[in-house]
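# Tertiary structure, described
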Amino acid sequence: MSPREPESAVPGRPALGPLPDAEAAAEWLATMMLVRRFEERAGESYTRAKVGGFLHLAIGEEAVVVGAARALKPTDWLISTYRSHGHALARGTKPEAVMAELYGKATGSSGGRGGSMHIFDLEKRFMGGWGIVGGNVPIGAGFALQSSYRGNDEVTLCVLGDGATNQGTFAETLNIAALWGLPIVFLVVNNRFGMGTSIERHSAVTDLVRKGAGLGVDGLRCDGMDIAATQAAICEAVEIARSEQRPMLVEAMTYRFRGHSMADPEKYRSKEQVDEWKLRDPIPAFGKRLIEEGVLDTAAIEAMDTAALAAVDAAVKFADESPVPGPETLQEGIYELGGQVHGWLSATPPPKDSQ
Ligand SMILES: Cc1ncc(C[n+]2csc(CCOP(=O)(O)OP(=O)(O)O)c2C)c(N)n1
């Protein structure tokens, strides 16, 4: 597939999505820029050993990250994978809280306990941040089930990768979601690789919309390098899930410009392929479109970038200066049964009948 003519220019769907009003369009661009600058800096902090554990960047995928968040109402639920810094930022979690989480600090969104893969913000209904491939899919269905049970109009958007569609949890969850009519949209971020394995080598069926259809879930495909096309496709799916109380799938065709995680020699793809996709970088592409359409000028876009850099500087300063969680917090955030705390640090084992 040539990245210049994305497969996602699906018959019947324009490659470029409809623009929202000028204020919203500018906000989409500014948020993509913030996510990009944040992740560039997170990568630098990782190489300076300020960030421990793993770090998975979604650089190149910002149109899908921000497009997804902008297709939701504040009352909808969003659940993602280990590649989720941008989801939290786009949902409204402060850059300070996300950066501090990467730094393992007490002021982080998960109190410094989760790190990069476990950003979480209940207030924004951003339900993580999950490290197990495909593990978040049934959990997402659980959020949709509670909405269905309560009879409200909330929808869950569950983000997963192309590789995750090979997990048993994908088939099991889509099947039950279709049977039970759950208001959930499965957003498959098809960046063409599961770690170092290309989709042609990891999936017998590479048309991932078809995979959903085989399980009773209708789907749409969109150009994941265009935020407007992505937001429109996800909006369409979300509104079907909301009004018809049934699951939908959206396959967003995109590409990650960096390695799978920070330690990836990238032997499985050529530099030429990466460079080809970079020509479709969603941020300059959307900026150019907004200039051409008279929404913004170059100076306004430069000012947005300066603001994004300043926000990231402030986040790094905050994370650097924040304290690490104290030893007195060791038993916080672990589960409690019968008034007693039980966890891997607890001297008290759970009662027999609860094991
Ligand atoms: C159950 C499980 N198996 C293996 C891994 C190791 N692993 C982490 S990411 C990944 C690739 C997943 O690829 P994909 O779903 O396409 O998402 P992407 O990383 O491209 O965003 C694998 C195999 C894991 N975290 N969980």
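Here the structure is a predicted model, which means the values were calculated and not measured. Note on numbering: residues in each chain are counted from 1, in written sequence order. Local features in this predicted model are restricted to residues of pLDDT 70 or higher, and side-chain atom pairs are both shown and tallied only at a pLDDT of 80 or more, whereas totals for entire chains, interfaces and linings draw on every residue.

### Topic: the overall build of the protein chain
Looking only at helices and strands, the protein chain features 12 helices and 9 strands. For the radius of gyration, the atom set is restricted to C-alpha positions; the globular benchmark scales as 2.2 Å times the number of residues to the power 0.38. Rg of the C-alpha trace for the protein chain: 20 Å, near the compact-globule value of 20 Å for 355 residues, within the 12% margin. Each principal axis of the C-alpha atoms in the protein chain carries an extent, and together these give about 65 × 50 × 40 Å. Residues are called buried when their C-beta atom has 20 or more other C-beta atoms within 10 Å, exposed when it has 12 or fewer, and partly exposed otherwise; all C-beta atoms are positioned from the backbone. The buried share of the protein chain, taken over its 355 residues, is 46%. Going along the chain from the N terminus, every DSSP run of H or I of four or more residues is numbered as a helix, and every run of E of two or more is numbered as a strand.

### Some thoughts on the site of the ligand
Val133, Gly161, Gly163, Ala164 and Gly194 are the nearest of the 15 residues found near the ligand. Each residue is assigned to one of three groups, with Ala, Val, Leu, Ile, Met, Phe, Trp, Tyr, Cys and Pro labelled nonpolar, Asp, Glu, Lys and Arg labelled charged, and all others, Gly among them, labelled polar. Residues of the shell around the ligand, tallied by class, amount to 6 nonpolar, 7 polar and 2 charged. All residues are tested the same way: a C-beta atom is placed from the backbone, and lying within 6 Å of a molecule or strand makes the residue near it.

### Here's the deal with the sheet that holds strand β1 (residues 77-79)
One requirement defines pairing of two strands: DSSP has to find at least two bridges between them. Across the sheet, which stays open at both edges, the 5 strands sit in the order β1-β2-β3-β7-β6 with parallel pairing between neighbours. The sheet is open, and its two borders are formed by β1 and β6 (218-223), each paired with just one other strand. In this sheet, neighbouring strand axes are inclined to one another by 20° on average, regardless of whether the strands run parallel or antiparallel. As paired strands, strand β3 (residues 184-190) and strand β7 (residues 248-253) are joined by 6 bridges and run parallel to one another. Where helices are involved, their axes are fitted lines through C-alpha atoms of the stretch in contact, as for all axes, and angles between N-to-C directions lie from 0 to 180°.

### Some words on the domain arrangement of the protein chain
Segmentation into domains, and thus their bounds, comes from an automatic or database assignment. The assigned domain composition of the protein chain is domain 1 (22-324) and domain 2 (330-355). A C-alpha centroid distance of 34 Å is found between domain 1 and domain 2.

### So, the nonpolar core
Met32, Leu157, Ile184, Val185, Phe186, Leu187 and Val250 are the most contacted members of the largest nonpolar core, which has 89 residues in total. With 10 residues, helix α1 (residues 22-47) is the single largest residue contributor to this core. Contact definition: two residues whose C-beta atoms, as placed from backbone geometry, lie within 7 Å. For isoleucine 184, the residues in contact, after removing those within four places along its chain, are Gly140, Ala141, Ala144, Val155, Thr156, Cys158, Ala177, Ala241 and Pro247. To count as a nonpolar core, a set of buried Ala, Val, Leu, Ile, Met, Phe, Trp, Tyr and Cys residues must be joined through C-beta atoms within 7 Å.

### Some details on α1
The span expected for a helix works out to 1.5 Å for each residue beyond the first. Taking 1.5 Å per residue as the helical rise, α1 with its 26 residues ought to reach 38 Å, and the 38 Å between its terminal C-alpha atoms agrees with that figure. Looking one or two places after α1, you find alanine 49, whose phi comes out positive at around 60°.

### Notes on the confidence of the model for the protein chain
Each residue carries a pLDDT value, the predictor's own confidence for that position, ranging from 0 to 100. A residue-level look at the protein chain finds 91% of positions with pLDDT of 70 or above and a mean pLDDT of 93. In this model residues 1-11 is a low-confidence stretch, pLDDT under 50, and it forms 19 contacts with partners more than four residues away in sequence or in other chains.

### Section: the pairing of strand β2 (residues 156-161)
Of all 6 residues in β2, 6 are buried; the element is thus mostly enclosed. Residues of β2 alternate between two faces, with Thr156, Cys158 and Leu160 on one and Leu157, Val159 and Gly161 on the opposite face, all of them buried. In this sheet, β2 lies alongside β1 in parallel orientation, the contact comprising 3 bridges. Each bridged residue has a counterpart across the sheet, and for tryptophan 77 the counterpart in β2 is threonine 156. Convention used here: a crossover is right-handed provided that the path from the first strand, over the helix, to the second strand proceeds clockwise when the strands point away from the viewer. At this point the chain moves from β2, through helix α6 (residues 168-180), to the parallel β3, and the crossover so formed is right-handed.

### Looking at the packing of helix α5 (residues 136-150) against α6
Relative to each other, α5 and α6 sit at 20°, their axes nearing to 8 Å. Judged by the inter-axis angle, α5 sits roughly parallel to α6. In the crossing of α5 with α6, the sense of the turn from one axis to the other is left-handed. Judged by residue contacts, Val137, Pro138, Ala141 and Ala144 of α5 engage Thr169, Phe170, Glu172, Thr173, Ile176 and Ala177 from α6. Taken together, the residues of the contact of α5 with α6 sort by class into 7 nonpolar, 2 polar and 1 charged. An angle below 35 degrees is read as roughly parallel, one above 145 as roughly antiparallel, one from 65 to 115 as roughly perpendicular, and any other as oblique. For any helix crossing, the convention is left-handed if the near helix is rotated counterclockwise from the far helix by under a right angle, and right-handed if that rotation is clockwise.

### Observations concerning α6
With 13 residues, α6 should reach 18 Å at 1.5 Å per residue; the first-to-last C-alpha distance of 18 Å fits that figure. Of the residues making up α6, those classed as buried are Phe170, Thr173, Leu174 and Ala177. Relative to the axis of α6, the buried residues are bounded by an arc of 100° and lie together on one face. What points out from α6, more than 90 degrees from its buried face, is the exposed set Gly168 and Leu179. Its buried side turned inward, α6 meets α5, β3 and α8 (208-213). The arc under discussion is defined with respect to the helix axis, by the directions toward the C-beta atoms.

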